[in-house]
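An overview of the molecular structure
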Amino acid sequence: MADESPLKELTTSERIAAHLRDAILRGEIPPGSRIRQEEIAGRLGASRLPVREALRMLETEGLTQLEANKSARVPKLDRQELDIVYEMRERIETLALRLSLPHLTAQQESDLLHVQEQIEDNDDVGTFLELDRRFHLGTYAGCPSGDLLNTVTRLWNSTQHYRRAFMLSSGDDRRWFVNAEHRLILDAISRHDSVDCERYLAGHIRRTRILLAQHPELFPT
């Protein structure tokens, strides 16, 4: 829901976190990359303290791992780790959707349909990833558990790079399946059918997990 109060001014740490978050999610800082505090501080004209705090913020979001030498790394998953994360998503996100469903407003459902229409009209992978994220997290917007939503976001963040690599390698065929599955989820949401919502979403996530396992080139040693 929109907040009519004035927007809170971001702190220096929040601005740095937003900059790094965007760069990581866009793939500009790939998994395994080291983020050095002094380099970020110099580039953004800040002291090390807000950079350190920004890295802590991103660690809670699953986007960085702090190291003892005043730097951080973007987490990198191997095939088995990614498979486990996707299995976790199959279970956790279906729960988030079921809990969200009774609380989604007509406006939120309309917004989801609009996002899906944008996805179908788009052929850029970067834009698709942003819209796909908005779509799925939007379906969980009514979930009353903040802890559950934070976990969902962490898991999404940890798999972003692999979704991008997969979409770049899979071509238009995968887009067709994604759109069809999204439409099934939207239909179940419109009918307030929690059983179908969970079933369609679990299948949607499972399909990606199985297909990712068939692309070992996405996991260089």
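Residues numbered from 1 in each chain as written. Predicted model: local features only at pLDDT ≥ 70, side-chain atom pairs only at ≥ 80, totals over all residues. Heavy atoms only, no water.

**Focus on the environment of Leu55**
Of note, Leu55 is situated in helix α3 (residues 48-60). Residue Leu55 is classed as buried on the basis of its relative accessible area, which comes to 0%. In this structure the C-alpha to C-alpha distance between Leu55 and Leu20, which are 35 residues apart in sequence, comes to 8.5 Å. Here Leu55 is in contact with Leu20, Ile35, Gln37, Thr64, Leu66 and Ala72, once residues within four sequence places are set aside. (Helix = DSSP H or I, 4+ residues; strand = E, 2+ residues; numbered from the N terminus. Buried < 20%, exposed > 50% of the residue type's maximum accessible area, 1.4 Å probe, protein only. Contact = heavy atoms within 4.5 Å.)

**Here we look at the nonpolar core**
Formed by 39 residues in total, the largest nonpolar core has its most connected members in Leu82, Leu97 and Ile189. Among the elements of the structure, α4 (79-100), α5 (106-120), α6 (125-139), α7 (146-170), α8 (172-190) and α9 (194-212) are those that each provide at least two residues to this core. For this core, the element with the most residues is α7, which contributes 8 residues. Not counting residues within four places of it along the chain, the set of residues in contact with Leu97 comprises Thr139, Tyr140, Ile185, Ile189, Cys197 and Leu201. Core analysis: the second largest hydrophobic core is formed by 17 residues, Ala23, Leu25, Ala41 and Ala72 among them. (Core = buried A, V, L, I, M, F, W, Y, C linked by side-chain atoms within 4.5 Å.)

**Observations concerning the packing of aromatic side chains**
Following the criterion strictly, the structure yields 1 aromatic pair and no others. Seen in terms of ring centroids, Trp176 and Phe177 are 5.3 Å apart; in terms of plane orientation they differ by 90 degrees. Their pairing is edge-to-face. Given a relative accessible area of 58%, Trp176 falls into the exposed group. For Phe177, a relative accessible area of 35% corresponds to the partly exposed category. (Phe/Tyr/Trp six-rings, centres within 6.5 Å; stacked < 30°, edge-to-face > 60°.)

**With respect to the pattern of salt bridges**
Overall, the coordinates contain 19 salt bridges when judged by the stated rule. Two residues, Arg73 and Glu67, come together in a salt bridge whose shortest N-O distance is 2.9 Å. The class for Arg73 is partly exposed, based on a relative accessible area of 29%. Arg207 is the partner of Glu181 in a salt bridge, and the nearest nitrogen-oxygen pair spans 2.5 Å. Here Arg207 lies in helix α9 and Glu181 lies in helix α8, a separation of 26 residues in the sequence. Overlapping salt bridges, with partners in common, bring together Asp187, Arg191, Asp193, Asp196 and Arg199 in one network. (Salt bridge = Lys/Arg side-chain N within 4 Å of Asp/Glu carboxyl O.)

**Notes on the sheet that holds strand β2 (residues 65-66)**
One open sheet holds the 3 strands; their spatial order is β1-β3-β2, and the pairing between them is antiparallel. Bordering the open sheet on either side are β1 (34-36) and β2, each of which pairs with just one other strand. Of the strand pairs in this sheet, β1 and strand β3 (residues 71-73) are connected by 3 bridges, and their pairing is antiparallel. What sits directly across from Ile35, in β3, is Ala72. (Pairing = 2+ DSSP bridges.)

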